[in-house]
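# Residue-level structural notes
Below are the chains, spelled out letter by letter.
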Amino acid sequence: MATLHLPLKGAYFDQIKSGEKIEEYRLVTPFWTKRLEGRAYDRIELAKGYPPKGDTSRRITRLWRGARKTTITHSHFGPDPVEVYAIRVN
């Protein structure tokens with residue numbers, strides 16, 4: 001089974017866990033292009049930071065629902081619009 005692993009900052013992890021946040025963003029870079037374009041995953045594993053292997057309270061596993069390219073403006077990436085992959089995590 002192919003799994004995409006995404007470590008997250010605590011605030012974003014908590015928003016996803018509560019259902020408030022439905023997409024996680026990654027900049028369009030060669031690193032993320034290689035991992036997302038033309039690839040299929042069975043599931044996605046979201047982690048609050050880099051928890052120990054047995055710490056299930058800081059991990060969420062969801063079905064893979066795909067990713068799309070889009071342009072956003074977000075304080076995390078600075079004041080200018082940036083192209084990102086929007087990864088569905090709901």
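Use the structure listed above.
Each chain carries its own residue numbering, running from 1 in the written order of its sequence. Under the rules for a predicted model, residues below a pLDDT of 70 receive no local features and side-chain atom pairs below 80 are neither given nor counted, while totals for whole chains, interfaces and linings still include all residues. Hydrogens are left out, water is left out, and the side-chain values use all remaining heavy atoms of the structure.

Counting from the N terminus, the helices are the DSSP runs of H or I reaching at least four residues and the strands are the DSSP runs of E reaching at least two. Counting its regular elements, the protein contains two helices and six strands. Atoms counted for the radius of gyration: C-alpha only. Globule rule: 2.2 Å times the number of residues to the power 0.38. Taking 12 Å as the expected radius of gyration for a compact globule of 90 residues, we find that the protein reaches 13 Å, a close match to that expectation. The C-alpha extent of the protein, read off along each of the three principal axes, is 40 × 30 × 20 Å. Each residue is assigned to one of three classes by its accessible area relative to the maximum for its type, calculated with a 1.4 Å probe on protein chains only: buried under 20%, partly exposed between the two thresholds, exposed over 50%. The buried share of the protein, taken over its 90 residues, is 33%. By definition in these notes, contact holds between two residues if any of their heavy atoms fall within 4.5 Å. Residue pairs at least 24 apart in sequence account for 58% of intrachain contacts in the protein once pairs closer than 6 positions are excluded. Accessible surface, the protein as shown: approximately 5,700 Å² in total, 52% of it carbon and sulfur. None of His or the chain ends enter the tally, which takes Lys and Arg as positive and Asp and Glu as negative. A charge is said to be at NZ when it belongs to Lys, at CZ for Arg, at CG for Asp and at CD for Glu. Considering the protein, the positive charge centre built from 17 side chains and the negative charge centre built from 10 side chains are found 5 Å apart. We get accessible surface area from the Shrake-Rupley algorithm with a probe of 1.4 Å; when it comes to residues, only the shown protein chains can shield them.

Now for the packing of aromatic side chains. Here a Phe, Tyr or Trp ring, Trp counted by its six-membered ring, pairs with any other such ring whose centre lies within 6.5 Å, and the pair is stacked when the planes are under 30 degrees apart, edge-to-face when over 60, and tilted otherwise. Under the counting rule described, the total for this entry stands at two aromatic pairs. Ring geometry for Phe31 and Trp32: centres 5.1 Å apart, planes at 80°, overall edge-to-face. The exposure class of Phe31 is partly exposed, given its relative accessible area of 42%. Judged by its relative accessible area of 14%, Trp32 falls in the buried class. Their ring planes at 65° and their centres at 5.2 Å tell us that Tyr41 and Trp64 sit as a pair that is edge-to-face. With Tyr41 in the loop between helix H2 (30–36) and strand E3 (43–48) and Trp64 in the loop between strand E4 (59–63) and strand E5 (67–72), this pair connects stretches of sequence that are 23 residues apart. Judged by its relative accessible area of 17%, Trp64 is buried. To sit over a ring, a charge needs its Lys NZ or Arg CZ within 6 Å of the ring centre and within 35 degrees of the ring normal. The ring of Tyr12 is capped by Lys21, whose NZ or CZ atom sits 4.4 Å from the centre of that ring. Its guanidinium or amino end placed over the ring of Phe31, Arg35 lies 3.6 Å from that ring's centre, counting from NZ or CZ.

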